[in-house]
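A look at the structure
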Amino acid sequence: MLPNYTPYKNLPPLAGLCSIEDATKPGLPLDECVRRLKRFHYCFRRLHEILTARITSEPIYELKTAFAHHAYLCAEHVTALRQRIGEMREPPLGLEDVPHPALEVFFDEIRAAPTTEDLVEGYRVAIDQLYHVIRNYQDETHPLTDAPSRRVLKFAALEVNDMANWGAYVMSCLVEPDSKRETQLEEWGRYLGSLLDAAGTMDGTRESPPTAVGGLPRHYSATPYTYDPIPQRDERFADLWNQGVNAEAFLYDETKPARAKVLMMLFKRLREIDVPEMMAGIIAQTPGKPWGYYRDMSRQVWDEARHAMMGEVGFVALGVDWTKARITWNWSYRLNTECSPLERHGVLFFIEQGLMPRTGKRYEFEVASESGIPIATTIQDFDWADEVLHSQIGREWYVKQFGSLQEALDFGDKAWTKITSNWTTVKEQGLTAHANWWPAIYEQACASAGVNPDPAVLAYAETYEGKRADLKGVVGE
Ligand SMILES: [Fe+2]
Ligand SMILES: [Fe+2]
């Protein structure tokens, strides 16, 4: 090494990447980088798939929304890695190949985990390992020659670290320390660890034992996994078939005050938890699309989960216990069990197109502004922007499967017509009495604001009886 070599005026050398001394040491060969990056890509892809597939059937709202979030983050890292691998002298890319059969079993097992705790523990083990192997890569690859990969992985490591912390924290909330359950979960974690050993660790940097190849024992995934389309909710969501309060009819009634309309909008936002429940199934049951489809659809799933959480936040801000409202699953339950994935996508697109005209998202934003409730304005401002994006995603991935926009809309409209009102059926079956929850919500908001309820607003009792949930184009996802 040249002694006393210094950069001009002691400026940071090598564009600020690292010291000259560090850069004189050799790094990983390019082929080894590509091999490892492909493993990371596979891991993110499988985690995206697993988290998405479990959104619908996960009962706990905080986890359902977090799965939507983390699935989207994984999708972004898949996208970045695909691009980077494509820059590394590599066609054919082989990005759809399974890097090692034991790694496939590892993720299949997590996907088939029988309970929420098993699922999150499996996810935690996976994401912990992924963080570890990304860090190893960062240490071992050359900081100058492989700077583009290091940049991509720097972002990945930041978010993977957040995800790992989330997983550990969730487990500490769900599982009693030193309980029998904890012991069972530790055993599950060890089994997953043995699968990673068989795969030569997550990044394949160790030899996999010869016994591991072929004949790997499957536990939960011994029976092939199928996506569970039935939505589940935790106990805060009661009376799930209730269609007793027609939020749209109130919202578009010119005689109603804006502050009360905000409550109906917050209800509509929170009710949007049914959109991730429904869209997750479209993704899970539509294989073979270009990667961009999954990335964009996952972004929308995450947006819709955020919209639901915006509703939650708004209610809390206004001093309202939202569990007194009835956050129905009617929409996701019925679409998931009565329509094909393409029909569901059609219904979604048809509804979202209806959000763009005057009665749609601009109107909701204007109502929020008029209400003088700042948090409501923030919520509707961004909800509107997200909806514009969703319309573009629909045009890209749904409409292009049809000859024209009109055909695509007609297909969605027709599919939506299949879902005839079940108002009477669910009532006769004793599933709900369609009780009017509106006064309970409105009175809380008034009490919290220190104002007297307006008798005309309090008396609101219009229901969804005989209505398609969208009032034919006037809707709320
Ligand atoms: Fe949307
Ligand atoms: Fe939305």
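Quick caveat: nothing in here was measured; it's all calculated off a predicted structure.

What to know about the overall build of the protein chain
Across its full length, the protein chain holds 19 helices and zero strands. Relative to its length of 477 residues, the protein chain is compact, with a C-alpha radius of gyration of 26 Å against a globular reference of 23 Å. For the protein chain, restricting intrachain contacts to residue pairs at least 6 apart in sequence, the fraction spanning at least 24 positions comes to 80%.

Focus on the nonpolar core
In this structure, F106, L130, I134, L263, M279 and V301 are the most contacted members of the largest nonpolar core, which totals 119 residues. Looking at this core element by element, the count peaks at twelve residues for helix α3 (residues 61-86). For this core, the domains that each give at least three residues are domain 1 (8-222) and domain 2 (247-458). Those residues in contact with L263 that lie beyond four places of it in its chain are I441, Y442 and A445.

Examining the packing of helix α10 (residues 274-284) against helix α11 (residues 291-317)
When two helices pack together, you describe them by how their axes are tilted relative to each other and by the distance separating the axes. Across the interface, α10 lies against α11 with an axial gap of 9 Å and an inter-helix angle of 165 degrees. Looking at the two axes, α10 sits roughly antiparallel to α11. Here α10 and α11 pass one another in a crossing that is left-handed. For the pair formed by α10 and α11, the contact residues are V275, P276, M279, A280, I282 and I283 on the first element and Y294, M297, S298, Q300, V301, E304 and A305 on the second.

Observations concerning the domain arrangement of the protein chain
What the domain assignment lists for the protein chain is domain 1 (8-222) and domain 2 (247-458). Put simply, the middle of domain 1 and the middle of domain 2, counted by C-alpha atoms, are 34 Å apart. Every contact between the two is made by 16 residues of domain 1 and, on the other side, 18 residues of domain 2. Elements supplying a minimum of two residues to the side of domain 1 that touches domain 2: α2 (30-53) and α3.

Re unusual backbone geometry
In terms of backbone geometry, most residues other than glycine have negative phi values and most peptide bonds are trans. With phi around 55 degrees, N4 is a residue other than glycine that occupies positive phi space. Examined against the element boundaries, N4 turns out to sit in the segment before α1 (20-23). A residue is classified by how many C-beta atoms lie within 10 Å of it, and N4, with 5 of them, is exposed.

Details of the packing of α2 against helix α4 (residues 101-111)
Where α2 meets α4, the closest approach of the two axes is 10 Å, and the angle between their N-to-C directions is 20 degrees. When the axis of α2 is compared with that of α4, the two are roughly parallel. For α2 against α4, the interelement crossing comes out right-handed. Between α2 and α4, the residues in contact are Y42, R46, I50 and A53 and L103, F107, I110 and R111, respectively. Per-class residue counts for the contact of α2 with α4 are six nonpolar, no polar and two charged.

A few points about the environment of L431
Mapped onto the elements of the fold, L431 is located in the loop between α17 (423-428) and α18 (438-449). Separated by 337 residues in the primary sequence, L431 and G94 have C-alpha atoms spaced 50 Å apart. Here L431 is in contact with W241 and V426, once residues within four sequence places are set aside.

Thoughts on the environment of I419
Mapped onto the fold, I419 is located in the loop between α16 (405-418) and α17. Taking the C-beta count within 10 Å as the criterion, I419 has 18 such neighbours and is therefore assigned partly exposed. Taking the C-alpha atoms as reference points, I419 and W331, separated by 88 residues in sequence, lie 8.9 Å from one another. Here I419 is in contact with R334, L335 and E338, once residues within four sequence places are set aside.

What about the confidence of the model for the protein chain?
With 96% of its residues at a pLDDT of at least 70, the protein chain reaches an overall mean of 94. Below a pLDDT of 50 lies the segment residues 471-477, which in the model reaches 19 contacts outside its immediate sequence neighbourhood of four places, other chains included.

What about helix α6 (residues 147-174)?
The end-to-end C-alpha distance of α6 is 40 Å, a good match for the 40 Å that 28 residues give at a rise of 1.5 Å each. On its buried face, α6 sits against α2, α3 and α5 (116-140).

Topic: the environment of T145
Relative to the elements of secondary structure, T145 occurs in the loop between α5 and α6. Judged by the 15 C-beta atoms lying within 10 Å of it, T145 is partly exposed. Distance in space between the C-alpha atoms of T145 and L17 is 10 Å, their sequence separation being 128 residues.

Calculation criteria
Residues numbered from 1 in each chain as written. Chains lettered and ligands numbered in written order. Predicted model: local features only at pLDDT ≥ 70, side-chain atom pairs only at ≥ 80, totals over all residues. Helix = DSSP H or I, 4+ residues; strand = E, 2+ residues; numbered from the N terminus. Rg over C-alpha atoms; globule rule 2.2 N^0.38 Å. Contact = placed C-beta atoms within 7 Å. Core = buried A, V, L, I, M, F, W, Y, C linked by C-beta atoms within 7 Å. Buried ≥ 20, exposed ≤ 12 C-beta atoms within 10 Å, placed from the backbone. Domains from an automatic or database assignment. Axes fitted to C-alpha atoms, helices over the stretch in contact; angles between N-to-C directions. Parallel < 35°, antiparallel > 145°, perpendicular 65-115°, else oblique. Left-handed = near helix turned anticlockwise from the far one by under 90°. Nonpolar A, V, L, I, M, F, W, Y, C, P; charged D, E, K, R; others polar. pLDDT = per-residue confidence, 0-100. Expected span 1.5 Å × (residues − 1).

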